[in-house]
Amino acid sequence: MSFDFAAQKAETFATFAEIQAQADVPETADVDYMFVATDGADWGAFETALDMAGFDAERELDNDEPYLVAILADQPISALTIWMGEDMASKIALKHGFTPDGWGFSA
């Protein structure tokens, strides 16, 4: 399976520009990256790999569907910094049977 990182990056930069146009963006915040499991996903290995890369990981439920959140705390907020974390976490996710499903941040 090939993944279109260029499209993901373009979407991240466009989404950030929309957010920035509508609201004040904090200088720093925790950034959450969401990932959905595919068949055969290895939750434990994904969480361990994220931990080794400096992310915190939390399992969540949305409408009874499990997903994993990779968190980078106290990050400088810009489209580039969000993308850098997203790129790293997505590459780890794909190796462990997960697909990217968005991001968000909270001050």
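Above this note sits the structure.
Throughout what follows, the structure given in this document is the object of discussion. (Residues numbered from 1 in each chain as written. Predicted model: local features only at pLDDT ≥ 70, side-chain atom pairs only at ≥ 80, totals over all residues. Heavy atoms only, no water.)

For the rest of this paragraph, the subject is the pattern of salt bridges. Two side chains carrying opposite charge are able to pair once their charged atoms lie near each other. In this structure the tally under the stated criterion is two salt bridges. For the salt bridge of Glu 47 with Arg 59, the shortest nitrogen-to-oxygen distance reads 2.8 Å. Linking Glu 47 in helix H2 (residues 43–52) with Arg 59 in strand E2 (residues 56–62), this pair joins segments that are 12 residues apart in sequence. Of the residues examined, Glu 47 reaches a relative accessible area of 22% and is grouped as partly exposed. Here Asp 87 makes a salt bridge to Lys 91, at a shortest N to O gap of 3.2 Å. One end of the pair is Asp 87 and the other is Lys 91, both in helix H3 (residues 79–95) and four residues apart, which spans about a single turn. A relative accessible area of 18% places Asp 87 in the buried class. (Salt bridge = Lys/Arg side-chain N within 4 Å of Asp/Glu carboxyl O. Helix = DSSP H or I, 4+ residues; strand = E, 2+ residues; numbered from the N terminus. Buried < 20%, exposed > 50% of the residue type's maximum accessible area, 1.4 Å probe, protein only.)

Each packed pair of helices is defined by two parameters, the angle between the axes and the distance between the axes. Two elements in contact, H2 and H3, have axes separated by 9 Å at closest approach and are oriented at 150 degrees. Taken as axis vectors, H2 and H3 run roughly antiparallel relative to one another. Relative to H3, H2 is oriented so that their crossing is right-handed. Where H2 abuts H3, its residues Phe 46, Ala 49 and Leu 50 lie against Ala 89, Ile 92 and Ala 93. Split into classes, the residues belonging to the contact of H2 with H3 amount to six nonpolar, no polar and no charged. (Axes fitted to C-alpha atoms, helices over the stretch in contact; angles between N-to-C directions. Parallel < 35°, antiparallel > 145°, perpendicular 65-115°, else oblique. Left-handed = near helix turned anticlockwise from the far one by under 90°. Contact = heavy atoms within 4.5 Å. Nonpolar A, V, L, I, M, F, W, Y, C, P; charged D, E, K, R; others polar.)

Moving on to the packing of helix H1 (residues 5–22) against H3. H3 packs onto H1 with a crossing angle of 145 degrees between their chain directions and a minimal axis gap of 10 Å. Judged by the twist between their axes, the crossing of H1 over H3 is right-handed. Together, Phe 5, Gln 8, Lys 9, Thr 12, Phe 13 and Phe 16 of H1 and Ala 79, Leu 80, Ile 82, Trp 83, Glu 86, Asp 87, Ser 90, Lys 91 and Leu 94 of H3 make up the contact between the two elements. Residue classes in the contact of H1 with H3 are distributed as eight nonpolar, three polar and four charged.

Below, the discussion takes up the sheet that holds E2. Taking strand neighbours across the sheet as the criterion, the four strands line up as E2-E3-E1-E4 in an open arrangement whose pairing is antiparallel. Of all the strands in the sheet, the pair left with one neighbour each is E2 and strand E4 (98–106). Across the sheet, the mean angle from the axis of one strand to that of its neighbour is 30 degrees, orientation sign disregarded. As paired strands, strand E1 (residues 28–37) and E4 are joined by seven bridges and run antiparallel to one another. Pairing of Val 36 across the sheet is with Thr 99, part of E4. On the sheet, H3 packs against E1, strand E3 (65–76) and E4 and is oriented at approximately 25 degrees with respect to E1. (Pairing = 2+ DSSP bridges.)

Right, let's talk about the side chain of Glu 86 for a bit. By the element assignment, Glu 86 lies in helix H3. Lys 9 is the oppositely charged side chain nearest to the buried, salt-bridge-free Glu 86, at an N-O distance of 10 Å. Of note is the side chain of Glu 86, whose polar atom sits 3.1 Å from the side chain of Gln 8. Of note is the side chain of Glu 86, whose polar atom sits 2.3 Å from the side chain of Thr 12. Setting aside anything within four residues of it in sequence, one finds Glu 86 in contact with Gln 8, Thr 12, Tyr 33 and Trp 103. (Lys, Arg positive; Asp, Glu negative; His and termini not counted. Polar contact = N/O pair within 3.5 Å; in protein donor to acceptor, adjacent residues only side chain to side chain.)

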